[in-house]
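Observations on the model geometry
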Amino acid sequence: MAQRIRLRYTKRGRLRFTSHRDFQRAFERALRRAEVPMAYSAGFTPHPRVSYANAAPTGTGSEAEYLEIALTEPRDPEKLRELLDESMPVGLDIVDAVEVRTSGLADRLTASVWELRLDGVDTAEAARAVEAYLAAGTVEVQRRTKNGMRTFDTRGAVATLDVLPVPADRPVDNACAILRLVVRHLTPAVRPDDVLSGLRAVADLAPPVPAAVTRLAQGLFDEESGTVTDPLAPDREADTAASPTAAVTADAKAPEGPAA
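Quick look at the structure, then. (Residues numbered from 1 in each chain as written. Predicted model: local features only at pLDDT ≥ 70, side-chain atom pairs only at ≥ 80, totals over all residues. Heavy atoms only, no water.)

1. Some thoughts on the nonpolar core
Counting residues in hydrophobic clusters, the biggest one holds 26 residues, and the most contacted among them are Leu 116, Leu 118, Leu 161, Leu 179, Leu 181 and Leu 199. The residues contacting Leu 181, other than those within four sequence positions of it, are Ser 112, Val 113, Trp 114, Leu 116, Val 158, Thr 160, Leu 161, Pro 192 and Val 195. (Core = buried A, V, L, I, M, F, W, Y, C linked by side-chain atoms within 4.5 Å. Buried < 20%, exposed > 50% of the residue type's maximum accessible area, 1.4 Å probe, protein only. Contact = heavy atoms within 4.5 Å.)

Listed below in structure tokens is the structure:
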């Protein structure tokens, strides 16, 4: 294995209904079309060395999905990104790429920022529901799992939940509340639809149509600022520090030795 690359990709528009398995198939086809020199696993059925991290649920959009690939030959990350993006369906877009310089990408995905669009819900009604939700010590919901129905608390995972201001250009007869949710990645995982179930449980908030949910970011959660940081930033910073330009600059500034 000569190099590892981390990629950020999106799920937009109708492609938000793409399952994780469907994305895997599309991505492996893109790897072949772009003639990426992939490293393969050992064994009787070798497969490309691709590691996926915390994929969004089917039906939700996302601007911040991450994966890592292993190569047998070095490639320029940006050129590789462009080739892969051209080979993917529109909506499944490869939008960022860095060479792996640090360990623990999965450990840096500790929280997500979600936008929940509630068509048919008045902003004031949503604000009342959010206030009731945040005031609750626990908000238990049920979700069906492969082992049957499970009851768990959603409130502990929610770092922030806000109602965004109404856009100035929105028609007055078109009620639509937009929520911004920051949720920590705990076990069991709390998803946006679980929080919506919690809002229904504590405040009887029931949008007339399914919510449009989009993940805007995921990364390390900063408790002090309440923000989620870019998980690729450490690799980018380490790459800059190790770049050939920096080495050339250092050599240029080094004192010359005595003439022979």
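Let us keep going from here.
2. Observations concerning empty space enclosed by the protein
Under the definition given, this model contains one cavity of 30 Å³ or more. In this structure, the largest cavity encloses a volume near 50 Å³. Lining the largest cavity, in full, are Tyr 9, Lys 11, Thr 18, Ser 19, His 20, Phe 23, Ala 55, Ala 56 and Glu 65. Looking at the lining of the largest cavity, the elements with two or more residues in it are strand 1 (3–11) and helix 1 (20–33). In the lining of the largest cavity, the residues fall into four nonpolar, three polar and two charged. (1 Å grid on protein atoms, 1.4 Å probe; cavity = no way out; pocket = protein on both sides within 12 Å on 5 of 7 lines; lining within 4 Å. Points joined across faces, edges and corners; volume = space filled by probe spheres on them. Helix = DSSP H or I, 4+ residues; strand = E, 2+ residues; numbered from the N terminus. Nonpolar A, V, L, I, M, F, W, Y, C, P; charged D, E, K, R; others polar.)

3. Quick word on the environment of Ala 132
Position of Ala 132 relative to the elements: it lies in helix 3 (residues 123–135). The class of Ala 132 is partly exposed, set by a relative accessible area of 30%. In this view, Ala 132 contacts Val 202 and Ala 203; residues no more than four positions away in its chain are not counted.

4. Points about the pattern of salt bridges
Enumeration according to the criterion identifies 18 salt bridges in this entry. Glu 65 is paired through a salt bridge with Arg 215; the nearest N and O atoms lie 2.8 Å apart. With Glu 65 in strand 3 (residues 61–71) and Arg 215 in strand 10 (residues 212–219), this residue pair connects regions lying 150 residues apart in the sequence. Overall, Arg 215 belongs to the buried group, its relative accessible area being 2%. One salt bridge connects Glu 223 with Arg 184, and the closest N-O pair in it is separated by 3.4 Å. Taken together, the positions of Glu 223 in the loop between strand 11 (221–222) and strand 12 (227–228) and Arg 184 in strand 9 (residues 176–184) put the pair 39 residues apart, joining distant regions of the chain. A residue is classified by how much of its surface remains accessible, and Arg 184, at 22% relative accessible area, is partly exposed. (Salt bridge = Lys/Arg side-chain N within 4 Å of Asp/Glu carboxyl O.)

5. Notes on the environment of Leu 83
Position of Leu 83 relative to the elements: it lies in helix 2 (residues 77–87). For the pair Leu 83 and Ile 94, spaced eleven residues apart in the sequence, the C-alpha separation amounts to 9.3 Å.

6. Structural notes on helix 1
A rise of 1.5 Å per residue sets the reference length of helix 1, with its 14 residues, at 20 Å; its end C-alpha atoms lie 20 Å apart and thus fit the reference within 8%. Those residues of helix 1 not exposed but buried are Phe 23, Ala 26, Phe 27, Ala 30 and Leu 31. For helix 1, the angular spread of the buried residues around the axis is 145°, confining them to a single face. Of the residues in helix 1, the exposed ones pointing more than 90 degrees away from the buried face are Arg 21 and Arg 32. Where helix 1 is buried, its residues meet strand 1, strand 2 (50–53), strand 3, helix 2 and strand 4 (94–99). Glu 35, located one to two residues past helix 1, shows a positive phi value of around 55°. (Expected span 1.5 Å × (residues − 1). Arc of directions from axis to C-beta.)

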